[in-house]
Every structure is written in C-alpha cells, then in structure tokens.
Amino acid sequence: MRLTISFVIALLASIAICGQQPLNLIPYPVKVEQLPGTYVMKNKMTFSSAFPAQEQSRVNAYLKDQLKKNYNIDMVEAVKGKPADIILFARRMPTSGKIAYELKVDKQGIRIDANFDVAAFYAVQTLLQLLPVEGGVKREIPYVTIFDQPRFDYRGMHLDVGRHFFPVAFIKRYIDYLAYHKFNTFHWHLTEDQGWRIEIKKYPKLTSIGGWRNGTIIGRYPGKGNDNISYGGFYTQEEIKDVVKYASDRFIEVIPEIEMPGHGSAAIAAYPWLSCFPKKPTAIPANMISTKSVEEQKNGRIKLVQETWGVFDDVFCAGNDSTFLFLENVIDEVITLFPSNYFHLGADECPKTHWKQCPRCQQRMKELKLKDEHELQSWFVQRIEKYLNTKGKTLIGWDEILEGGLAPNAVVMSWRGEAGGIEAAKQKHKVIMTPGNPVYFDHTQSLNEDSVTIGGYNPLEKVYAYEPVPKELNEEQSKYVLGAQANVWTEYMMNTRKVEYMIFPRMSALSEVVWSPKENRNWESFEKRLPAQIKRYEKWKANYSKAFFDLKATTLPTGNFDGVLWKLETKQPSTEIKYIEHFAGRPYELKFTEGKKYTTPVPLSSTRLMAAISMVNGNSVSNPVYQNFLFNKATGKKITLVNQPSTKYPGDGPFTLVNGVQNEKGLARSKEFIGFEGTDCEAVIDLGKDEEISVIRAYVFEQKASWIYPPSSVLYYTSDDGINFKQITDGNYTAIVPNEPVRKMDITFSKRKAKYVKVLIKNFGVIPDGMAGAGNKPWLFVDEIEVN
C-alpha cells in the first residue's frame, strides 16, 4: 500500500493549529513575539544596509539569490533618501560581544539589526523560514519581533568522503543544508584506508594510486564477497578552493581532516616506504579481497588501498623521519587551501602491532625514554602539533589523543562516549562533543531498518534530547565545551540520496540542540514544527527518513509468564493500526486492509510472523513493521540475571533473552541484544514447571572491529528447585558457526526433566594485541536463549 507521508504532514499540521502553534522555525530562536497581521512581500523589494559594503555583500547576495529562486522576488538597492522594504542595520547587542541579531517585521517592512555580518546572515535564514514553504505567489510574513543568538560557538556537521566519494556539486549542496540550519562548521574527512581524496602536488601518487581501490565488500561487514569494481575519485586543489569559498560565502568554516598515524592504508599503497614494513603485503581477508588485488599482489604490487571496513595494522611508521617530512609537506599544501585556524589529524584507532615489531619505532622509544607505544603515539601527535602551531594552526584530534599524554594546545573531539570530553575539559582543554550515541548519523534511525547501516540506533528523539555539556562538569569546566557535531561515516552510503536519508530529519534536531537555549528546547514544540520542515526537504527535493512516523513495536512478558505480548504505539493521532498474523503453512499475504484492528497488546504463544501498519481511511501513513516470533520452552518465561547489562546496551532487560525475537541484522538491531562490558552473562530461566528438555542454545554476536567478542566458554546447568544446579557434562557441544555475525552455541544431551535452566556465558577476557581496542575488556553481546 502506498505510503502517504504528505497526508500525515497535513494531518499533524492541522492538529497543531488547534493549539498554540509556534512559528515553523528550526532552530527556534531565543525570543519570539508574534503580533497580529502579516506583511506581504512585493515583486520587487528594495534593500538598504548600514553595514560596510564588504561586510554585507555576502548577506545581500545570498538573500537576493534565495528570494529570486524560491519566490521570484527581485531585490534591488533602495534609492538614497527613500525608505527601503528590507533594512540591514549594524547595532551593538547586549551579548558581551557574542553574535546576535534582532529581526522585526511590521507594516513598515523588514528590519534586521545585527552586530556582525554573520549574525545578519542567520537573521536572513530566519526570515526565509518565515516565508511560506510552498514559495510561488504566496509571500506573506507574520508580524514578529525576534531576538536570537547561538548557544554554542561550534556547531558542526562532518562528512566522510574516504569510504565513498561525492562530487563537488553535492558537497556544495551539503554546505547549503548546513547554512540553512545555522551550523557554522563543516568537518571534511578527506583521507582514509579506502581512499585519499585531496590532490597533493608534491605526491601525485596519493590520488593516482591512493585515490582508487580495486573493489568494495558487498553488504554489511564482514560482507558477502567483493564487487570487483574499481572505485575512487579525488578533489583537485582548485575544486577544494572553490568549495571553501562557497562555504565562506555562507559563513561556514571548513576544517580538513588528514588521518594520521592510523587509517593510512591509501597513502601507504601510494608510497610503501611510509609503512614500518614496506615489503609486507597489505592484509585483506580472503573473502573480502578483489580478484584484481589478488593478481596485483602475485605480480609484486603488494601495498593496496583497503577494500573493506575496519581498523588495520599498517600505519604510518613513527620511527622513520621520512614519515614526518612527508606529513609536513602534505600539511604545507593542505593549509594553503583551508584558511581555518583548525587542522584535524584524526589520531584515532591506531593499532600498535607494527610499532611493537618495528626496530626503528622501538629505537625511537628507547631514545625518547617512552614506556610504551601509547606514549609513542602521544609523541607522534605532539610532534605534528608543534609543526602545526608554527603555521598558526590548532590541532583537533579524536579522543584517543588523550592516551599517553595530551598535546599541549590540542582540541579534543569526544566520540567514544563523553568520557574523553569530560577528562579533557577537566584538564582545561577545549572539547567538541560528538559521541557515537546519539550523534553518529551513520547509525540507523529506525528499528524497522530498510537499508544497510553500520548498526546502532539513534532515532530523532534521542538526538533532540542530547545535552552537549555533561553533568559531570562544573560551571568553570563547562566553558571548555565549544559545542557539538554529528558525524556522517559513509561505509554504507554509496550515493548522495543515502547521505540525505541518513542526515534528515536528525540534522534539524541537532541544529536546535546546538543553537537554542537549553531551557527553551521542547520536544512537543519541535514535533509541531517538524511537518513544515519536512515540506522544506521535499521542496529541496532532498531524500529523508520517514522513521519518525513509524509504529513503535515492543515485546513484553505476560503477567503469568505463559507467552509474550506485542505492543504497538504510534505518534500519529487519529490513525488506525491494523495488524496481520502469518502462521506457517499459510500463503504470505499482507493485505492490511483486511487485517485486525489493534486495540490492546496482542498475546502470542506460538511461532508466527506479525506485521502492522498505521492507516487513515484505508491509506497507509507509516512504513510497515514486521516481527518474527520463534517460540521454544523458554520463550516468555521468568528470567533473572546475576550481572546486569551495560546501560549502553540494555535491550529490554533480561527479558530480551527469552522474548522469542532472534536478531537477524546485527548491530542495526542492537536493541535485540544485551551487552556486557567486560563481565559474564549468567542467566537463570524458570520454566514454570518440570519440562522434558534435551537442547539448550545461546545466541551470541561477534564484531571484533567494534570490540565485540565471542565468549571464552558457555556452561549449561539444570535444577529442580532453582537453588541447587548441576552442570550438564554429558552432552554434545556444537561448534560455533563460523563467518556468521550471530552465532549459536548449544549443547544436546539425553532427555531429562528440569524446572530451571542456568546458562553461564563467559566473557572473552582481554582484547589481544594487534586488534582494535587491544588491552581493553571486550563486549559480550547475547541475543536469545532457547530451551527445547
């Protein structure tokens, strides 16, 4: 059935009008006073400015272009001595030098007072949002007085072009999205293991060789093979200059990121001497490597651009002075292209395996009296920072730069949660908050995943609820939090439409988080303004996720533990939920118009497929939601855990292990796991009565690149009273199924009766050397426990 999102938008908008409807502005200003009446824009609007010509030129040009393109309004300079329809006036604001503006619309026309041209530009964005979304001949603006200023100085969006490359036209479009939402920073991730994307004239092989890979893995990591299609591209220095100017004209600062010392496979493929071991072949797993790369390595070209995702041992050699000469030469060319005061060098996910084996790196450590390779990385970063400082640049790095000692003037980007940002702020270092949960926009925003993502679940509501200043910081320490940014890693974004789908509408939510005062943010108000924003996406012909309109499905235990309940919820008032039950042996038909009307949670006691959708007058207004339920003797039963799961991956609590839902999509459905950070999973299931059983099976998840490891062992026990348990030692264990992210670990034994079952799933222990996260305690992810 066709999805009618426009119908939903109209429905929600009409409902909002019944109450006190805020103006459809995102991000919402500090103070808004709406008065009776509207101002009608004319076909030709006159404009005057008290700003110096150079300062107001970008503002004037942008407004003129937008009015003509979207509303066919011509903007001309007013005749001297005559009143203008739009007035831009330079005025000091009561903000202690911070940028701010006041926008006033009344019968006289439109007046913008601003203390800087960038503040005037933000006022223009607000003015454009006051105009009707539809554009065309309807050009009325409500009488209004708005005072506004941003909460944070740093309001950023990131884009990775290393995994997948996007043309200059889209980069400019992306910058337009940032400008509209009043972001002021574009973090451009230009180099990666899978591709070097910026022309460096001194080292042409960086793009002629490092800019191209021989193939790409198919599907979600670890993939289903390689597509064997040559892939790549890069930006010339002239194109970079063009993008930087385009951004500057929209008051957006572009920060380049050149990854070092890790994520250097593409550079090493171009210049193998950058590696600790130039004659050691690039390691690509056999099931992920292209046929062309296999042939090239046989014929002597052993260093390759990576074709799969993850973290790799082949990093820049810290013991080779030529490495630093190379990097300094690269930096010299990059900084001429980017006037930003900041330079991002990454410094994340750098395995130390090769450094530990490299004689030159070990000699360097000995000479510098460094105790370990973490200190070697710190020395590497500090050496690069000193060079950047001589060029007038400030270093930004991911929070790994804290390890081994923080570079003196560095800014920390906290991505592995907030701990790094908290630590850095307490050390009086500036911080940009960008934690994976909730501002990694490569994570799915729908539990009903309709395309491949890297995993995780960051819905719109979670993004809007994010507070960039951690509660662990006091008032003085909080001043070191510059702001926040969302990261867009593109492993699974092969085209521009997918990028748009992943950022919208979450970018709108984040824009309000970083702009509007904390005390003014209100989810209910944002919900009412969102339909108009979605109309804007459609006007831009931008792709966007409709997850906001989806049904929320939850599996719950019954009161007497004799099955499960399927609960459905909708954000959309006045809609009807229809559901279908599909049993084995019946034709697979999903005719929702013939489905049952949902009123209360649906009780289930046997295996089946459930499907549901929201409808109005026979039309669907949400994506369908599906759920397979696979029943066994443990499904829906009472379960207790000795160790509670991490708050980062709590699932639905212990019930997650017996709810009949088996994970089929890895981290994209992380809610279907419970995660234990360095601890064991010990679960006791009360079957309710003596049951004859002969199989117990546990489902676990493995993704070592994400620090998620299989257990070291699984032990199974039975009991009659829930107190005295006896280990099953006479059964046959099934080996873990290889090459499958979700693995079964089971035991088959002679039939016996038991009322209680205990499963002890032991954590792997410590991540071994050479692996991502080496030396740390790994995650243990458990999905379902079956008893049959």
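Quick look at the structure, then. From a predicted model like this one, the values you see are computed outputs, not experimental measurements.

Cut-off values and rules
- Residues numbered from 1 in each chain as written.
- Predicted model: local features only at pLDDT ≥ 70, side-chain atom pairs only at ≥ 80, totals over all residues.
- Heavy atoms only, no water.
- Axes fitted to C-alpha atoms, helices over the stretch in contact; angles between N-to-C directions.
- Helix = DSSP H or I, 4+ residues; strand = E, 2+ residues; numbered from the N terminus.
- Parallel < 35°, antiparallel > 145°, perpendicular 65-115°, else oblique.
- Left-handed = near helix turned anticlockwise from the far one by under 90°.
- Contact = heavy atoms within 4.5 Å.
- Nonpolar A, V, L, I, M, F, W, Y, C, P; charged D, E, K, R; others polar.
- Buried < 20%, exposed > 50% of the residue type's maximum accessible area, 1.4 Å probe, protein only.
- 1 Å grid on protein atoms, 1.4 Å probe; cavity = no way out; pocket = protein on both sides within 12 Å on 5 of 7 lines; lining within 4 Å.
- Points joined across faces, edges and corners; volume = space filled by probe spheres on them.
- Core = buried A, V, L, I, M, F, W, Y, C linked by side-chain atoms within 4.5 Å.
- Pairing = 2+ DSSP bridges.
- Salt bridge = Lys/Arg side-chain N within 4 Å of Asp/Glu carboxyl O.
- Phe/Tyr/Trp six-rings, centres within 6.5 Å; stacked < 30°, edge-to-face > 60°.
- Lys NZ or Arg CZ within 6 Å of the ring centre and 35° of its normal.
- Disulfide = S-S within 2.5 Å.

### Some points on the packing of helix α2 (residues 53–71) against helix α3 (residues 117–130)
Two measures define how a pair of helices packs: the angle their axes make with one another and the distance between the axes. As a packed pair, α2 and α3 sit with axes 9 Å apart at the nearest point and diverge in direction by 15°. Overall, the two elements α2 and α3 adopt an arrangement that is roughly parallel. Handedness of the crossing formed by α2 with α3: right-handed. Facing E55, R58, V59, Y62, L63, Q66, L67 and Y71 of α2, the residues of α3 in contact are D117, A120, F121, V124, Q125, L127 and L128. Of the residues assigned to the contact of α2 with α3, the class counts are ten nonpolar, two polar and three charged.

### Here's the deal with the environment of D321
Along the polypeptide, D321 turns up in helix α9 (residues 321–335). Its relative accessible area of 48% is what places D321 among the partly exposed residues. The sequence separation of D321 and R360 amounts to 39 residues, and the corresponding C-alpha distance is 9.8 Å. The residues contacting D321, other than those within four sequence positions of it, are R364 and R383.

### Digging into empty space enclosed by the protein
Under the defined criterion, the tally for this structure stands at three cavities of 30 Å³ or more. By volume, the largest cavity is sized at about 50 Å³. The wall of the largest cavity is formed by ten residues, among which T444, Q445, D450, T453 and Y501 lie closest to the centre. The residue makeup of the lining of the largest cavity, split by class, is two nonpolar, six polar and two charged.

### With respect to the nonpolar core
Counting 156 residues, the largest nonpolar core has M157 and W188 as its most contacted members. The leading source of residues in this core is α3, at ten residues. Filtering out sequence-adjacent residues up to four positions away, W188 remains in contact with L159, V161, I171, Y235, I240, V243, V254, I255, P256, E257 and F338. L551, Y598, F631 and V658 belong to the second largest nonpolar core, which has 45 residues in total.

### Thoughts on the pairing of strand β25 (residues 608–616)
In terms of burial, β25 is largely enclosed, as nine of its nine residues are buried. Here β25 shows a buried face lined by R608, M610, A612, S614 and V616 and a second buried face lined by L609, A611, I613 and M615. The pairing of strand β22 (residues 576–582) with β25 spans seven bridges and is antiparallel. Its bridge partner lying in β25, H582 is registered against L609. When β25 meets strand β26 (residues 619–620), the two strands line up antiparallel, connected through two bridges. Bridge pairing in β26 places V616 opposite N619. Linking two consecutive strands that pair antiparallel, namely β25 and β26, is a turn of two residues; a positive phi of about 55° is found at N617 within it.

### Quick word on the sheet that holds strand β24 (residues 602–604)
Taken in spatial order, the three strands of this open sheet run β20-β21-β24, and their pairing is antiparallel. Here the strands that pair on one side only, and so sit at the sheet edges, are β20 (552–557) and β24. Between one strand and the next, the sheet's axes are offset by a mean angle of 25°, whatever the strand orientation.

### Quick look at the sheet that holds strand β5 (residues 101–106)
Overall, mixed pairing links the seven strands, which are arranged β1-β7-β5-β6-β4-β2-β3 in an open sheet. With one partner strand each, in any of the chains shown, β1 (31–40) and β3 (74–77) form the two edges of the open sheet. Within this sheet the neighbouring strands show an average axis-to-axis angle of 20°, counted without direction. As judged from the seven bridges shared by β1 and strand β7 (residues 140–148), these two strands associate in the antiparallel manner. Within the sheet, the bridge partner assigned to V40 lies in β7 and is E140. Along the sheet, α3 contacts β4 (86–90), β5, β6 (109–114) and β7; its crossing angle with β5, the most-contacted strand, is approximately 35°.

### Some details on the pairing of strand β16 (residues 394–398)
Within a regular strand, side chains alternate between the sheet's two faces. Counting buried positions along β16 gives four out of five residues, so the element sits mostly inside the fold. One ladder, built from three bridges, connects strand β15 (residues 342–346) with β16; its direction is parallel. Looking at β16, one finds that F343 is bridged to L395. One ladder, built from three bridges, connects β16 with strand β17 (residues 411–414); its direction is parallel. The residue bridging I396 from the neighbouring strand is V411, located in β17.

### Points about the pattern of salt bridges
This model, assessed by the stated rule, comprises 46 salt bridges. For the salt bridge of E134 with K535, the shortest nitrogen-to-oxygen distance reads 3.8 Å. Of the two residues, E134 sits in the loop between α3 and β7 while K535 sits in helix α19 (residues 523–539), which places them 401 residues apart along the sequence. The salt bridge partner of R497 is E500, with a shortest N-O separation of 3.6 Å. Pair noted here: R497 and E500 are both in helix α17 (residues 496–503), with a separation of three residues, about one helical turn. Residue E500 is classed as buried on the basis of its relative accessible area of 3%.

### Considerations on the packing of aromatic side chains
Here the structure, examined in full by the defined rule, presents 45 aromatic pairs. Between the aromatic rings of Y649 and W779, the centroid separation amounts to 5.2 Å while the plane-to-plane angle is 85°, which identifies the pairing as edge-to-face. Remark: W779 occurs in strand β36 (residues 779–787) and Y649 occurs in the loop between β28 (638–641) and β29 (651–654); sequence separation between them is 130 residues. Its relative accessible area of 9% is what places W779 among the buried residues. Taken together through their ring pairs, the aromatic side chains of F165, F166, F170, Y174, F186, W188, Y235 and F338 make up a single cluster. Residue placement shows K182 over the ring face of W515; its charged tip is 5.1 Å from the ring centre.

### Some remarks on the environment of I693
Relative to the helices and strands, I693 is located in strand β31 (residues 681–701). Look past the residues within four positions of I693 in its chain and what remains in contact with it is K633, L687, T718, F749, S750, K751, R752, A754, V757, V787 and N788.

### A few points about the state of the cysteines
Scanning the entire structure with this criterion turns up zero disulfides. With no disulfide partner, C317 has as its closest neighbouring cysteine sulfur the one in C276, 3.5 Å distant. Here C317 falls in the buried class, since its relative accessible area comes to 0%.

### Digging into the packing of helix α4 (residues 168–180) against helix α6 (residues 237–248)
Where α4 contacts α6, the axes come no closer than 10 Å and their chain directions differ by 20°. It follows that α4 is roughly parallel to α6 by the angle criterion. Of the two possible hands of crossing, α4 and α6 adopt the one that is right-handed. The residues of α6 that touch α4, namely those facing V168, I171, K172, I175 and D176, are E239, D242, V243, Y246 and A247. Split by residue class, the contact of α4 with α6 holds six nonpolar, no polar and four charged.

### Considering the environment of Q572
Here Q572 is to be found in the loop between β21 (564–569) and β22. A residue is classified by how much of its surface remains accessible, and Q572, at 4% relative accessible area, is buried. Sequence separation of Q572 and E461 is 111 residues, and the distance between their C-alpha atoms is 15 Å.

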